[in-house]
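Chains, contacts and geometry: an overview
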Amino acid sequence: MEVTAVATQGGYGSSDWVTSYLLMFSDGGRNWKQYRREESIWGFPGNTNADSVVHYRLQPPFEARFLRFLPLTWNPKGRIGMRIEVYGCAYRSEMVHFDGKSSLLYTFNQKSMNPTKEVISLKFKTRENNGILLHREGPNGKHITLELVKGKLILFLNSGDANLPSPDALMLGSLLDDQHWHSVLIELLDTDVNFTVDTHTHHFRAKGESSYVDTDYKISFGGIPRHRKSVAFPHKNFHGCFENLCYNGVDIIDLSKKHKPQVLIMGNVSFSCSHPQTVPMTFLSSRSYLALPGTSGEDRVSAIFQFRTWNRAGLLLTSQFQHRSGAFILVLNDGKLKLSLSQPGHPVRDITAGAGLNDGQWHSVSLSAKGNHLSVMVDGEAASMAHSLHGQIDSGNTYYLGGCPDNSSDPGCASPLDGFQGCLRLISIGDKAVDPISIQQGALGSYRDLQIDTCGLTDRCLPSYCEHGGECSQSWDTFSCNCAHTGYTGATCHSSLYEQSCEAHRHRGNSSGLYYIDSDGSGPLGPSLVYCNMTDTAWTSVQHNGSHLVSVKSSNGESPHPVFFKYTASMDQLQAIIDYVDHCQQKLTFHCKKSRLSTPHDGTPVSWWVGRTNETHTYWGGSLPDAQKCTCGLEGNCIDSQYYCNCDADRNEWTSNTVVLSHKKHLPVTQVVMRDTGRPPSEVAYTLGPLLCSGDNSFWNSASFNTETSYLHFPTFRGELSADVSFFFKTTAFSGVFVENLGITDFIRLELRAPEEVTFSFDVGNGPCEVTVQSPTPFNDNRWHHVRAERNVKEASLQVDQLPRETQTALADGHTRLQLNSQLFVGGTASRQRGFLGCIRSLRLNGLALDLEERATMTPGVEPGCPGHCSSYGHLCRNGGRCREKHRGIECDCTFSAYDGPFCENEISAYFGAGSSVIYDFQHYNDTFSKNSSSFVALFHEDLTLTGEMATLSFRTTGMPSLLLYVSSFYEEYLSVILAPNGSLQIRYKLNRHREPDVFNFGFKNLADGQLHQVKINREAAVVFVEVNQNARRQVILSSGTEFNAVKSLTLGTILGPPGADRDTLRAGARGFTGCLSAVRFGPAAPLKAALRPGGSARVTVRGHVAAASGCAEGAGPGAPAREATRPLAGRSGSTDEGEPLVNANRSDSAVIGGVIAVVIFILLCITAIAVRIYQQRWLYEKNESNIPKTGDNAETALKSELNMQSTVDESQKEDFF
């Protein structure tokens, strides 16, 4: 009968009732199977009293002749008591038995055949793990075959398409050779296939266009007829029973029994299923064992059995010989069978046989020992040891299978391996077969934790809970997932390893480069490789295979073949990327010669492009999708005003258009078609750029919750087997619920339970479960914190920020499905209590982003957006950069930093040639001023007095002495940083013109070694802190003063005769600096940045050859050549002659003339006053010249020689004094 429901009740008028039980069924009474309510739920809850009836509807129902109820627990104050009622209906059954050599060949009426649909249904049972169930052929190698392979059903589909390399194979089911009935349903609808085995269904669509229905009008069941067997299917026929075999509603077994001509019976076929059933037994735990009596006194040992298991190791069989003359032990170790023989006075000898025996299949084992020969055979392959036995052996009294009793003294029971967990059958000891029913009745042997007449082995990898292609492996009581090379992690490979966008990478502080992004997170789409260009915004660049110039020119009057563009991401991945960004664009540059985009008389397009959805578009960059215009047509600047595109002018010369396609719903471009190339000399060439997208409308999508009773609601969260929730939050509240979704009894909730505590709680039917992360610092600090919670069938986990991830293992063999039915509440609960006060951002559930801002615009008490990102992301602005708030995110203001880039971390470096310098003026003054120097100094004294300053720089040079930095004042006070003649670092402060300078010699080592060095100076009044290379630190005290008065200018490189400077500074200044300087900063001033970047606000003067470098650190390793990618400063904005300020480099001609006149007037007024000073400086210059190379080029050449410089540096200019 077909059993559809069961009901139980306690004993009448007693305290006897069963509180839980197992339900088992069988069709023969010797091989039983447990019924599972869910994938992992075995037991049924029973009664709570003697009178009430507990009714369960069985989904799905099953067919059986025998039922067995096994009480597990009962009322502790009573005994087992059950009244049982079974509900069901009559079941009609037509059966046929195949002996492994027989088959049925059915030929159906061609007229009655449905040309578009076929349905095949049947039930089968067998104890063989291989065999062909059905086969059907067609022309060109087309075939459909259903085959049992190692206990799994595989449906092979070959459409006959020669372009497809191999047939499609759909696999379902496992352990189907268990001698129980299994149902199969195959539905073929053209190229669509529905394949169902028991309760599991696989939906499949064929790759080719050929229909699977279009095959031969004959189909064979139970095997392939001999005259039709091919090399592709050499496997054996099916051995077992079919039940209710139907093809398109036709009962094939009924036709066979009536010997209808449509069915040809080949071989020995019987219409009953009465073949003998084997009785298996299950070893339930590692403490299970079966003790069987041996044939003591015999001079040989013999044991035969079959086993199946998922465990890699376990004790299978052991026995001690008579008179303690030795013992053998047979174990499963690392999936291999190992037989060990021990005899007193002799070393232990081992035999290993088989491999991969923990695959869940039945494996036969035969063990024999006689005379001096010992052998073991596994699945027909033998392994033996000759002359391994010493002396006469006598079979022992007891054989232990699967394990040993606790008090056993058998030497084999001392094995460190656990007991066997799995199934055994067909056991023979000596030459006598063991009857499991006798064991069950207590007439033979003894056992513990053994379940007889059933094999309780289950395939925990069917269905596989490993996601995203993770590989499932299992043991008796659990499974695990190997996530290697999937791009995902976690117990079930659910969580993506990668960020969801370039914007997320940017706000982790990552620089530009190639990254994997996973736009749908834990969704079905895999990660894709893109280039993230980190500017003020993050640009996502997706490349394709056609970035080169494509030339289109017809030959022999034939239309040219279109070019298809294949991207590094699939179309589904591209759509996910585009859906989550604010803007996308793609640049198309095409050159045309005598080739038009549309015909001149009616405007019919002859060229177009194809977008993501395979739609044809005839508009070009910048225009609306409905307009057939190019950008020049919209702007009115085409070369011929009669046309809207340059190519439509149809000129016999090359013209070009560069267009930007930015309607993101149509992007990316997958094909460009240029048809007007048939008229000589028509020709077209075009280049398609990568897909560029910017912004992330989910990463910054946020909402502010202003009252405890406010919340946002969304549709019910669907995460039955796997659920992950991730978001950012910030708050000042002490507690509040972030997310909640309820079911009848199930629920899921994330909340801030206390200022230092975030809790993830849920219930899937096994009782409430909680995972909590505690922080040493409060979470309610009004900073963004990231939360990620995940729940799957293996475990639940919660991680907040970078705190340790907390996990909790799921209940073994418990409920697994999370069943919710209410709305999803965000920022509150259904009861309007314990609501959240603060901001929630970037909320994603199973990778799907929720639009909080859109929902917040229509919800009272909730506002879209949330300000205050700098408190959390301000640390990304490095090297003195200042964080600026944006509506979505932050930007770093690098104005007062010596670096630039999105996060002020790109160092600004310059190569200084011999005699070159950069002068940064702190004073902004007119070119004409009073000749009275005292009034000039007094004018600026108050504004530029410093009680402390910070200076930083990095350098690389081989020149010594060298002037690294010189800061002067109008009062002849100064700061100089030099390398002494021995290469050591010296810092000199003179803060009083009437006193000698403070000189500090940092003799760490020779710093003129061609390596990169960093110097940091921080002065606070008279205390100076100096740090070299981030580890050598010193503190010194100034004696010359505490204030730096009237700061005038900062000089990098050569400076001649600074007034009031000491002799060593003069000498280093005359020598200057040859090498690379970077990251130079004095207080808020960044002289290299002002010199090398446009828009610098300070007055900067560049003398000699100063070239921008890609970075001083490049090639700085030992023995590595220096390879600065230099760019002469003069190439940036016109000429920069010696002494010309950069701020004047781009002025108009009139401004230049006015400047020249001002300089002439200045010279005439001052020439007399400075004549004496000039002669003094010339004398000092000539004296210093005698101590250094005569030309600046020699120093430059020396540096290049030591560092293997490859860039060419122009000859530096030389000043003359008059």
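Just so we're clear, the structure is a prediction, and the values are computed from it rather than from any experiment.

What follows covers the overall build of the protein chain. When you go through the protein chain residue by residue, the secondary structure sums to twelve helices and 86 strands. By residue count, 51% of the 1218 residues in the protein chain fall in the buried class. Taking all contacts inside the protein chain whose residues are at least 6 apart in sequence as the whole, residues at least 24 apart take part in 68%. In the structure as shown, the protein chain presents an accessible area of about 55,100 Å², 50% of it carried by carbon and sulfur atoms.

Residues Leu514, Tyr516, Leu529 and Tyr531 make up a contiguous nonpolar surface patch of about 380 Å² in total accessible area. Assignment of secondary structure puts leucine 514 in strand β42 (residues 513-517). For leucine 514, a relative accessible area of 60% puts it in the exposed group.

Here we come to the sheet that holds strand β7 (residues 83-89). Read across the sheet, three strands follow the order β5-β1-β7 without closing on themselves; strand pairing throughout is antiparallel. With one partner strand each, in any of the chains shown, β5 (54-63) and β7 form the two edges of the open sheet. Each strand axis lies, on average, 20° off the axis of its neighbour in the sheet, ignoring direction. Where strand β1 (residues 2-9) and β5 come together, six bridges link them in antiparallel fashion. Across the sheet, valine 3 pairs through a bridge with phenylalanine 62, a residue of β5.

The next thing to look at is helix α4 (residues 571-579). Taken as a whole, α4 has its buried residues at Gln573, Leu574, Ala576, Ile577 and Ile578. Check the buried side of α4 and you find it contacts β42, β43 (528-534), β44 (538-542), β47 (583-593) and β53 (691-694).

So, on to the sheet that holds strand β33 (residues 398-401). The strand order across the open sheet formed by seven strands is β29-β28-β27-β26-β33-β24-β36, and the pairing between neighbours is antiparallel. In this open sheet, the two edge strands, each paired with only one partner strand, are β29 (346-353) and β36 (446-448). Ignoring strand direction, the axes of neighbouring strands in this sheet form an average angle of 15°. Across seven bridges, strand β27 (residues 327-333) lies against strand β28 (residues 336-343) in antiparallel orientation.

It is worth spelling out the state of the cysteines at this point. Tallied over the full model, the rule gives 13 disulfides. Between cysteine 839 and cysteine 866 runs a disulfide, and the two sulfur atoms are separated by 1.9 Å. On the S-S bond that ties cysteine 839 to cysteine 866, the torsion sits near 75°, and the link is right-handed. In this pair, cysteine 839 sits in strand β65 (residues 838-845) while cysteine 866 sits in the loop between β67 (862-864) and α7 (870-873), placing the two residues 27 residues apart along the sequence. A relative accessible area of 8% means that cysteine 839 is categorised as buried.

All right, on to the side chain of glutamate 949 then. Of note, glutamate 949 is situated in strand β74 (residues 948-957). Reaching out from glutamate 949, the side chain makes a polar contact with the side chain of arginine 1019 at a distance of 2.6 Å. If we skip the residues at most four places from it in the chain, glutamate 949 touches Tyr989, Ile1017, Asn1018, Arg1019, Phe1044 and Phe1082.

In this section: the environment of alanine 1021. Here alanine 1021 shows up in the loop between β79 (1013-1020) and β80 (1023-1028). Under the relative-accessibility criterion, alanine 1021 is labelled partly exposed at 33%.

Turning our attention to the side chain of histidine 363. The topology assignment puts histidine 363 in strand β30 (residues 363-370). A polar side-chain atom of histidine 363 sits 2.6 Å from a polar atom in the side chain of aspartate 379.

What follows covers the pattern of salt bridges. Here the structure, examined in full by the defined rule, presents 36 salt bridges. Two residues, lysine 236 and glutamate 128, come together in a salt bridge whose shortest N-O distance is 3.5 Å. You can see lysine 236 sitting in the loop between β18 (218-221) and β19 (239-247) and its partner glutamate 128 sitting in the loop between β10 (117-125) and β11 (130-137), a full 108 residues away along the chain. Given a relative accessible area of 26%, glutamate 128 falls into the partly exposed group. A salt bridge links arginine 884 to aspartate 893; the shortest N-O distance between them is 2.9 Å. Connected through salt bridges with shared partners, the residues Arg92, Glu94, Asp251 and Lys257 form a single ionic network.

A word on the pairing of strand β81 (residues 1032-1037). As judged from the six bridges shared by β80 and β81, these two strands associate in the antiparallel manner. Its bridge partner being in β81, valine 1028 is matched across the sheet by alanine 1032. Taking the residues between adjacent antiparallel strands as the criterion, β80 and β81 are bridged by three residues, where asparagine 1029 takes a positive phi near 55°.

Once that is clear, we can look at the UniProt feature "domain: EGF-like" (unreviewed entry) in the protein chain. Taking the numbering used here, the UniProt-annotated feature "domain: EGF-like" (unreviewed entry) corresponds to residues 457-494 and 867-905. The annotated region residues 457-494 carries 0% helix and 26% strand content, and the separation between its end C-alpha atoms amounts to 27 Å. From the first C-alpha to the last, residues 867-905 spans 25 Å; its make-up is 10% helix and 31% strand.

To continue, consider helix α9 (residues 1063-1071). Along α9, the positions that sit buried rather than exposed are Thr1065, Leu1066, Ala1068, Gly1069 and Ala1070. The distance from a side-chain oxygen at the start of α9 to the backbone nitrogen of aspartate 1064 is 3.1 Å, and the residue carrying that oxygen is aspartate 1062. Just past α9, the residue glycine 1072 takes up positive phi, approximately 75°.

Within the structure shown, the criterion is met by 38 aromatic pairs. With a centroid separation of 6.2 Å and 40° between ring planes, the pair formed by phenylalanine 321 and phenylalanine 328 is classed as tilted. Phenylalanine 328 carries the same exposure label as phenylalanine 321, and that label is buried. For the ring pair tyrosine 465 and phenylalanine 479, a centre distance of 5.8 Å and an interplane angle of 35° mean the geometry is tilted. Of this pair, tyrosine 465 sits in the loop between β37 (450-452) and β38 (471-474) while phenylalanine 479 sits in strand β39 (residues 479-482), and the two are 14 residues apart along the sequence. Here the two residues tyrosine 465 and phenylalanine 479 agree in accessibility, since each one is buried. Connected via pairs of aromatic rings, a cluster forms that spans Tyr21, Phe25, Tyr35, Phe44, Tyr56, Phe62 and Phe69. Taking NZ or CZ as reference, arginine 68 lies 4.1 Å from the ring centre of tryptophan 32, over its face.

A word on the confidence of the model for the protein chain. With 84% of its residues at a pLDDT of at least 70, the protein chain reaches an overall mean of 83. pLDDT under 50 marks residues 1115-1161. Its contacts with residues more than four places away, or in other chains, come to 81 contacts. Throughout residues 1168-1218 the model reports pLDDT below 50, and contacts reaching past four residues in sequence, or to other chains, amount to 77 contacts.

So, about unusual backbone geometry. Peptide bonds are trans in most cases, and residues, glycine excluded, mostly fall at negative phi. With an omega of 5°, the peptide bond running from leucine 667 to proline 668 counts as cis. Mapped onto the secondary structure, proline 668 falls in the loop between β50 (655-661) and β51 (671-674). With an omega dihedral of 0°, the bond running from methionine 960 to proline 961 counts as a cis peptide bond. Positive phi outside glycine occurs at histidine 259, with the angle close to 55°. Of note, histidine 259 is situated in the loop between α1 (252-257) and β21 (263-266). The phi dihedral of asparagine 1029 is positive, around 55°, even though this residue is not glycine. Relative to the helices and strands, asparagine 1029 resides in the loop between β80 and β81. By relative accessible area, which is 23% here, asparagine 1029 ends up partly exposed.

Moving on: the environment of asparagine 129. Take asparagine 129: it is sitting in the loop between β10 and β11. Put simply, asparagine 129 and leucine 153 are 24 residues apart on the chain and 9.6 Å apart in space, counted from C-alpha to C-alpha. Excluding residues that lie within four positions of it along the chain, asparagine 129 makes contacts with Leu148, Val149, Lys150, Gly151, Asp177 and Gln361. Side-chain polar atoms of asparagine 129 contact the side chain of asparagine 130, separated by 2.8 Å. Within the local environment of asparagine 129, its side chain forms a polar contact with the side chain of glutamine 361, the two groups lying 3.2 Å apart.

Mapping cysteine 769 onto the fold places it in strand β60 (residues 769-774). Look at cysteine 769 and you get buried, because its relative accessible area is 12%. Separated by 40 residues in the primary sequence, cysteine 769 and threonine 809 have C-alpha atoms spaced 10.0 Å apart. The residues contacting cysteine 769, other than those within four sequence positions of it, are Phe760, Ser761, Phe762 and Gln808.

Cut-offs used in this document
Along each chain, residues carry numbers from 1 onward, in the same order as the chain's sequence is written. It should be noted that, the model being predicted, local features are given only for residues of pLDDT at least 70 and side-chain atom pairs only at 80 or more, the latter also being counted only at that level, while totals for whole chains, interfaces and linings use all residues. Side-chain calculation: all heavy atoms of the structure are included, whereas hydrogens and water are not. Counting from the N terminus, the helices are the DSSP runs of H or I reaching at least four residues and the strands are the DSSP runs of E reaching at least two. Each residue's exposure class comes from its accessible area (1.4 Å probe, protein chains only) as a fraction of the maximum for that residue type: buried when under 20%, exposed when over 50%, partly exposed otherwise. Contacts: residue pairs with any heavy atoms within 4.5 Å of one another. Every accessible area reported is derived by Shrake-Rupley at a probe size of 1.4 Å, with residue values counting cover from the shown protein chains alone. Patch criteria: residues need more than 30% relative accessible area and no salt bridge. Like-charged residues are merged within 9 Å; nonpolar side chains of Val, Leu, Ile, Met, Phe, Trp and Tyr are merged within 5 Å. The working definition used for a salt bridge is a side-chain nitrogen of Lys or Arg within 4 Å of a carboxyl oxygen of Asp or Glu. A strand pair is defined by DSSP finding two or more bridges across the two strands. In this analysis, axes come from line fits to C-alpha atoms, helices being fitted only over the stretch in contact, and the angle between any two N-to-C directions falls in the range 0 to 180 degrees. By definition, disulfides here are pairs of cysteine sulfur atoms that lie within 2.5 Å. For this analysis, a polar contact is any N or O atom pair within 3.5 Å, provided that within protein one partner can donate a hydrogen and the other can accept it, and provided that sequence-adjacent residues contribute only side-chain to side-chain pairs. UniProt positions are given in the numbering used here, feature names are shortened, and annotations may be inferred rather than shown by experiment. Aromatic rings from Phe, Tyr and Trp, with only the six-membered ring used for Trp, were paired whenever their centres fell within 6.5 Å, and each pair was classed as stacked if the ring planes differed by under 30 degrees, edge-to-face if by over 60, and tilted otherwise. Think of it as a cone above the ring: NZ of Lys or CZ of Arg counts as a charge over the ring if it is within 6 Å of the ring centre and within 35 degrees of the ring normal. Values of pLDDT, ranging from 0 to 100, describe the predictor's confidence in every residue of the model.

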